[in-house]
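# Structural features, examined
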Amino acid sequence: MAFRLELGQYYDTRSPLHRLDARVKIPCALVLMVAMFFIGNAWQLLLGAAASVAVVALSRVPLRRVLGSIRPLFVVLAIILAFNVLFVRDGNALVEVGPVAITTGGAWRGLLYAGRLTCALLVGTTILLTTTPARLTDAFDALLSPLARLGLPAHEIAMVCSLTLRFVPVVADEAGAILDAQAMRGGALDEGGMGHRVRSVVPVVVALLASGLRHADNLSRALDARCYEGGTARTHLYESHVGGLEAVAVALSCAFVVALALLA
Amino acid sequence: MAQTPAIRLADVSLVYQGAGREVRALDGVSLEIPVGQRVCVLGANGSGKSTLASVIAGLMAPDAGTVELVGERVCTEGQADFEAYRRARRLLGLVFQNPGDQIVTSVVEEDVAFGPENLGLPRETVRRRVDRELARVAMTDYAQADPSRLSGGQQQRVAIAGALAMDPRVLVLDEPSALLDVRGRAAILRVLGRLRRIGCTIVHITHFMDEAVEADRVVVLDHGRVALDGTPTEVFSHADELRTMRLDMPFAADLSCRLRERGVGVPVAMEAQELARSLAPRLGTVRLAPEQAPEGRATGDRAHASVPSGKKVLQLEDVTYSYRPGLHALEHVSLEVGQGERVALVGQTGSGKSTLLRLAAGLERPDAGRVVVAGIDTSTKRGRCAAHHAVGYVMQHPERQLFAQTVWEDVAFGPRNMGLTGAELEACVRDALELTLLDSKAGLSPFELSGGQRRRCAIAGVIAMRPHLLLLDEPTAGLDPHGCAGLHAILDRLHAEGVTIVEVTHSMEDAAQADRVVVLDQSRVLLSGSPAEVFSEANEVALIQHGLGVPAATSFSRVIRRLGVPVEGDALGVGELADALAAACRGGRS
């Protein structure tokens with residue numbers, strides 16, 4: 001397999017986080033994630049880190065799996081870290097090599113920016129790992145329903161998002177097969193000069209587009225055959241039950257925000 | 001009770017507007033299906049059977065004609081009534097070929113609930129139906145599983161449960177087992193048998209003739225028209241007509257027709273047992289396969305799954321490989337393939353067949369052991385790249401990788417990357433297109449070709465690189481009988497030209513045509529030897545236990561032996577069996 005995308009793939013461990021109603025889980029997660037970006041000092045960063053590690057631990061999803069699904073974003077984190085460390089110049093100089101200077105201020109900023117983004121990502125990815133596409137749809141549907149009154153196709157947007165997540169691994173597998181087939185026919189992407197590489201992307205993209213259209217066609221047939229007509233009359237297999245677990249989740253999220261504010 | 005038919009089509013036509021030309025997919029089809037009937041629709045690729053499925057499932061309105069579905073007149077003289085369509089669709093279920101594209105979420109039970117939820121049923125009803133249907137398709141234990149981790153056969157059963165949970169009056173299945181292995185297909189047929197007993201109307205579209213035997217009625221489509229319509233026995237008596245429509249026969253019907261051609265007066269049979277019983281009393285000694293298969297010589301001795309003579313093109317020495325730690329895809333597999341050999345790899349889904357091909361193609365590096373292809377060790381990156389050039393690898397559904405503007409350009413992609421230009425390039429592409437019977441299509445876009453032609457085009461792109469070793473992963477999956485036969489003719493010619501071929505197949509009949517059969521089971525080599533050795537009587541039970549089987553002709557020769565007829569040797573193909581039986585009949589009479 002040429003590459004694997006694990007972004008947003010459901011992983012079942014039946015933890016409390018899995019049982020938590022998605023209509024409560026998602027707003028709580030959004031609050032936590034937004035709060036992470038207000039982190040400004042070391043104590044707050046420590047609290048943020050503790051909270052995100054707690055969320056991951058609570059989900060009982062193996063750490064490897066959680067990190068695996070944010071791996072594509074490691075590059076972004078590395079760039080943020082490097083830019084701040086290398087280009088921010090306040091505080092005392094730690095190391096100075098020619099024109100490049102690493103200062104205490106730069107190092108701290110790099111750590112802070114990369115740290116709070118990591119915390120937010122950990123929370124976000126854990127929520128995706130513990131929520132099935134169908135329940136994500138239901139949750140977004142419920143959350144966006146006020147906007148539906150303004151004419152926004154809230155349910156349809158939610159459905160499209162969840163189907164996208166459902167088909168990420170399918171399309172990734174197919175991309176892998178296409179890349180392998182091209183490699184066998186001497187059109188490897190990782191060989192030759194820049195021009196050659198750009199040219200070898202074309203067949204992959206064309207074949208992938210064709211396969212995307214085929215899936216879309218089949219999927220529309222499947223949705224029609226199963227009488228999917230938007231969210232209006234739909235019922236739900238699981239009782240959406242807002243009870244003790246949900247109350248605890250809301251309380252903990254509020255406590256986190258309050259604690260963060262107190263530490264400022 | 002005299003009731004309105006479940007489905008009624010009157011003079012229905014449907015035309016697809018293609019690029020500058022029209023394709024008449026359905027051409028004046030009239031069909032009435034009474035409630036509770038199990039109908040099998042047969043037809044070659046492009047005969048219009050998938051379109052018919054869409055029309056019956058209420059997903060497509062025809063351009064002309066009248067359609068009544070479950071008592072709703074949805075289309076009158078080409079005028080669709082969309083409200084009636086909506087009402088009818090709630091009572092119709094559809095399952096189609098690709099299970100992956102029908103599953104909308106990541107938990108089996110949620111997916112089965114999707115249809116009833118859309119119908120707006122109360123929660124308790126949804127729950128009851130989900131449980132009931134999962135039990136019916138024997139998937140209760142997988143209610144919480146992730147469908148994408150299930151086998152194709154299991155996914156297809158989830159899709160059937162999802163359709164049945166809507167309590168449809170008519171269930172339409174569009175080639176549900178085309179992409180499944182032997183065990184997956186058998187499970188689907190068992191489910192269909194159970195449904196018939198509870199009176200569900202079933203419209204089953206297939207190009208596996210053997211699946212049609214159990215139906216109440218068989219409808220054969222040809223170029224958008226109903227060509228034959230009757231009980232299985234009636235339809236399969238028209239051997240010649242079926243052949244001109246590029247279709248096959250179920251095994252027993254095929255054998256009885258062949259016997260009749262050879263002057264043996266037997267009725268056209270649908271069941272092998274029934275044919276065997278009517279034939280057995282008239283038989284003398286049946287002499288098959290001159291050299292009798294030495295039974296039991298083919299063993300699971302994995303150190304020596306080899307052929308003794310000649311140069312080795314592919315060697316696997318004690319190879320172990322896993323995609324994820326702790327989960328072996330192949331374990332201690334040793335295998336040697338000699339120059340010019342034709343090897344069939346059989347085994348259930350997940351037995352490691354495809355992994356073996358990927359290793360041989362140099363796409364994966366073995367975790368332990370050695371893979372040597374055409375003298376190249378694939379343990380280094382450089383070695384694997386060299387292996388890519390020596391080996392041609394046709395993956396599953398290679399037509400999905402077509403991309404170029406024209407067929408010619410697509411086939412030329414590989415040779416051009418090898419650095420060929422001018423006359424040399426021309427020659428490579430021309431030969432490959434001739435071999436695959438696509439020379440007249442060189443200027444077309446690959447997307448304009450039919451399914452079978454697209455498959456051949458993708459294969460032409462691989463053989464244009466003139467590989468010494470050709471690896472094929474289920475090259476006939478999803479093709480109709482004519483397409484399968486065409487593909488086998490291509491492989492026969494390549495083999496005659498000296499190309500070494502390793503082919504993964506689910507068909508024991510195809511495997512019987514190879515020089516050697518290698519059976520994989522749970523990441524290991526279970527059996528290896530000539531077809532006669534592997535399919536010997538001693539191995540039959542083991543093969544069946546591992547979800548495989550023996551060719552129908554082999555099985556038939558054993559059935560008549562058990563009925564007390566002296567049979568020497570085993571048959572592998574239906575042709576030789578018919579010859580031997582006809583000879584034995586004359587012998588018996590004189």
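Here is what the cut-offs are and how they apply
Residues numbered from 1 in each chain as written. Chains lettered and ligands numbered in written order. Predicted model: local features only at pLDDT ≥ 70, side-chain atom pairs only at ≥ 80, totals over all residues. Heavy atoms only, no water. Helix = DSSP H or I, 4+ residues; strand = E, 2+ residues; numbered from the N terminus. Rg over C-alpha atoms; globule rule 2.2 N^0.38 Å. Contact = heavy atoms within 4.5 Å. Areas by Shrake-Rupley, 256 points an atom, 1.4 Å probe, with all protein chains shown as cover. Lys, Arg positive; Asp, Glu negative; His and termini not counted. Charge placed at Lys NZ, Arg CZ, Asp CG, Glu CD. Buried < 20%, exposed > 50% of the residue type's maximum accessible area, 1.4 Å probe, protein only. pLDDT = per-residue confidence, 0-100. Disulfide = S-S within 2.5 Å. Salt bridge = Lys/Arg side-chain N within 4 Å of Asp/Glu carboxyl O. Polar contact = N/O pair within 3.5 Å; in protein donor to acceptor, adjacent residues only side chain to side chain. Nonpolar A, V, L, I, M, F, W, Y, C, P; charged D, E, K, R; others polar. Patch = residues over 30% accessible without salt bridge, like charges linked within 9 Å, V, L, I, M, F, W, Y side chains within 5 Å. Expected span 1.5 Å × (residues − 1).

## Describing the overall build of chain B
Within chain B, the secondary structure is distributed over 22 helices and 23 strands. Computed over C-alpha atoms, the radius of gyration of chain B comes to 25 Å, within 12% of the 25 Å expected from 2.2 N^0.38 for 590 residues, which places it in the range of a compact globule. Overall, the C-alpha framework of chain B stretches about 70 × 65 × 50 Å when taken along its three principal axes. Contacts spanning at least 24 positions in sequence make up 66% of the contacts within chain B whose residues lie at least 6 apart. Just so you have it, chain B exposes about 23,100 Å², and 48% of that area is on carbon and sulfur atoms. Here chain B contributes 64 positive and 75 negative side-chain charges, whose respective centroids are spaced 2 Å apart.

## Overview of the overall build of chain A
Along its length, chain A carries ten helices and two strands. Beginning at the N terminus, the succession of helices and strands in chain A can be written as α-α-α-α-α-β-β-α-α-α-α-α. Projected onto its principal axes, the C-alpha positions of chain A cover 65 × 60 × 40 Å. Split into buried and exposed, the 264 residues of chain A put 43% on the buried side. On chain A, roughly 13,400 Å² of surface is accessible, and the fraction owed to carbon and sulfur atoms is 71%.

## Some points on the confidence of the model for chain A
On average, residues of chain A score 83 in pLDDT, and 94% of them reach the 70 mark or higher. Predicted confidence for residues 1-5 of chain A stays below pLDDT 50, and this span has eleven contacts to residues more than four positions away or in other chains.

## Looking at the state of the cysteines
Under the definition given, this model contains zero disulfides over all chains. Just so you know, Cys28(A) is unpaired, no disulfide at all, and the nearest cysteine sulfur is the one on Cys254(A), 7.4 Å from it. On the accessibility criterion, Cys28(A) (13% relative accessible area) is buried. Cys200(B) takes part in no disulfide bond, and the closest cysteine sulfur, belonging to Cys40(B), lies 14 Å away. By relative accessible area, which is 7% here, Cys200(B) ends up buried.

## As for unusual backbone geometry
Phi is positive for Val70(B), close to 35°, though the residue is something other than glycine. Note on placement: Val70(B) falls in the loop between strand E4 (64-69) and strand E5 (72-76).

## Looking at the interface of chain B and chain A
When the parts come together, some accessible area is lost, and that loss is often what is quoted as the size of the interface. With 64 residues of chain B at the contact, the number on the chain A side is 51 residues. Across the chain B-chain A interface, the total number found is seven salt bridges. With a closest N to O distance of 3.4 Å, Asp174(B) and Arg221(A) form a salt bridge. Connecting chain B to chain A are 20 residue pairs in polar contact (both at pLDDT 80 or more). Among the secondary structure elements, those contributing two or more residues to the side of chain B that touches chain A are helix H1 (49-56), helix H2 (82-89), strand E7 (92-95), helix H3 (108-118), helix H4 (123-136), helix H13 (381-390), strand E18 (391-394) and helix H14 (407-417) of chain B. Per element, the largest residue contribution to the side of chain B that touches chain A is ten residues, and it comes from H3(B). Broken down by class, the residue content of the side of chain B that touches chain A amounts to 29 nonpolar, 17 polar and 18 charged.

## Examining a nonpolar patch on the surface
Residues and elements named next belong to chain A. Taken together, Val75, Ile79, Phe83, Leu86, Phe87 and Val100 make up a surface patch of nonpolar side chains, about 580 Å² in accessible area. When residues of the nonpolar patch are assigned to their parent elements, the largest contribution, five residues, is made by helix H5 (residues 74-87). Structurally, Val100 can be placed in strand E2 (residues 100-103).

## Comments concerning helix H17 (residues 481-496) of chain B
Look at H17(B): 22 Å from first C-alpha to last across 16 residues, which is about the 22 Å you get at 1.5 Å a residue. All of the buried residues in H17(B) are Pro481(B), Gly483(B), Cys484(B), Leu487(B), His488(B), Ile490(B), Leu491(B) and Leu494(B).

## What to know about the environment of Arg194(B)
Residue and element names in this part refer to chain B. Residue position: Arg194 is located in helix H6 (residues 182-197). Placed 57 residues apart in sequence, Arg194 and Val137 show a C-alpha to C-alpha distance of 9.4 Å. With near-sequence residues (within four places) excluded, Arg194 lies in contact with Arg136 and Val137. Within polar-contact distance, the side chain of Arg194 engages the backbone oxygen of Arg136 at 2.3 Å.

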